[in-house]
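The lines below spell out each chain.
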Amino acid sequence: MTDMKILAKVLFDRIEWQNVPDPVTINDMTKYIADAIRHLYTMTGRALLFSESMFTLDENGIYTEFSADLPLDEREYVILSAQIAFLRKVQSSVDDLTSYTTDAMSITHGDKPYANLQQTITDLESMRRSIWYKMGRYHLL
């Protein structure tokens, strides 16, 4: 069993200082973890082995466990995938922030809290790619 709340806590710890337009909770992070697990199974060619019934949800519909025991490299891949998805969502919510000027005032640097977001996403994708190549059991057949 993989405890999804533990993975969500790790994800939350990695993104908690990121400026976001809406507050997020660890429970929100479990949804990103679930999507990242689906992504992992697709990328590793195990889509036919995956089933939604592998997830355990509590009475509030929050993901709590995944029936498979993910090895360390797969857990890190899942966390990075979830972090990338989260940051892409933040990026899409603020992609229209710009600097502008009117007759009455000038607003500059409205996009500065998010200026380095694309570079962060690129760096995380590079880390995820590095982990992928170390999981030779899936792509060196």
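Remember, it's a predicted structure, so these values are computed and weren't measured experimentally. (Residues numbered from 1 in each chain as written. Predicted model: local features only at pLDDT ≥ 70, side-chain atom pairs only at ≥ 80, totals over all residues. Heavy atoms only, no water.)

Let's talk about the overall build of the protein chain
We apply this condition: Only DSSP runs of H or I covering at least 4 residues are called helices, and only runs of E covering at least 2 are called strands; the numbering of each starts at the N terminus. Using a 1.4 Å probe on the protein chains alone, a residue whose accessible area is under 20% of its type maximum counts as buried, one over 50% counts as exposed, and one in between counts as partly exposed. Contact between two residues is taken to exist if any of their heavy atoms lie within 4.5 Å; hydrogens are not considered. Throughout, the Shrake-Rupley method with a 1.4 Å probe supplies accessible areas, and for residues the shown protein chains are the sole cover considered.
Looking only at helices and strands, one finds five helices and five strands in the protein chain. Reading the helices (α) and strands (β) of the protein chain from amino to carboxyl end gives β-α-α-β-β-α-β-β-α-α. Looking at the 141 residues of the protein chain, the share that counts as buried comes to 36%. When contacts within the protein chain are restricted to residue pairs at least 6 apart in sequence, long-range pairs at least 24 apart make up 69% of them. Summed over all atoms, the accessible surface of the protein chain reaches about 8600 Å², with 54% contributed by carbon and sulfur.

Observations regarding the sheet that holds strand β3 (residues 63-66)
Going by this rule: Between any two strands, at least two bridges found by DSSP are needed for them to pair. To obtain an axis, a line is fitted to C-alpha atoms, over the contacting stretch when the element is a helix, and the angle between two such axes runs from 0 to 180 degrees between their N-to-C directions.
Spatial ordering of the open sheet is given by β1-β3-β2, a layout of three strands whose pairing is antiparallel. The open sheet is flanked by β1 (2-3) and β2 (55-57), the only strands paired with a single partner. With three bridges joining them, β2 and β3 adopt antiparallel strand pairing. Bridging across to β3, Leu57 finds its partner in Tyr63. The sheet strands contacting helix α2 (residues 26-43) are β2 and β3, and the helix crosses β3 at an angle near 30°.

Observations concerning the side chain of Thr30
Let me state the cut-off plainly: N or O atoms closer than or at 3.5 Å make up a polar contact, with two conditions inside protein: a donor-capable atom paired with an acceptor-capable one, and, for residues adjacent in sequence, both atoms drawn from side chains.
Along the chain, the position of Thr30 falls in helix α2. Reaching out from Thr30, the side chain makes a polar contact with the backbone oxygen of Asn27 at a distance of 2.6 Å. Sequence-distant contacts of Thr30, defined by excluding residues within four places in its chain, comprise Met4, Lys5, Ala8, Ile62 and Tyr63.

Quick notes on the side chain of Arg46
Residue position: Arg46 is located in the loop between α2 and β2. Exposure remark for Arg46: the relative accessible area of 14% places this residue in the buried category. Those residues in contact with Arg46, other than ones at most four positions away along the chain, are Leu40, Tyr41, Glu74 and Tyr138.

With respect to the pattern of salt bridges
Test applied: Salt bridges are defined as contacts in which a side-chain nitrogen from Lys or Arg sits within 4 Å of a carboxyl oxygen from Asp or Glu.
Under the criterion given, the structure shown has eight salt bridges. Taking the shortest distance from any N to any O, the salt bridge between Lys9 and Asp13 comes out at 2.8 Å. Taken together, the positions of Lys9 and Asp13, both in helix α1 (residues 4-15) and four residues apart, correspond to about one turn of that helix. Residues Glu125 and Arg88 are paired through a salt bridge, measuring 2.0 Å at the closest nitrogen-oxygen approach. Here Arg88 lies in helix α3 (residues 72-94) and Glu125 lies in helix α4 (residues 117-134), a separation of 37 residues in the sequence.

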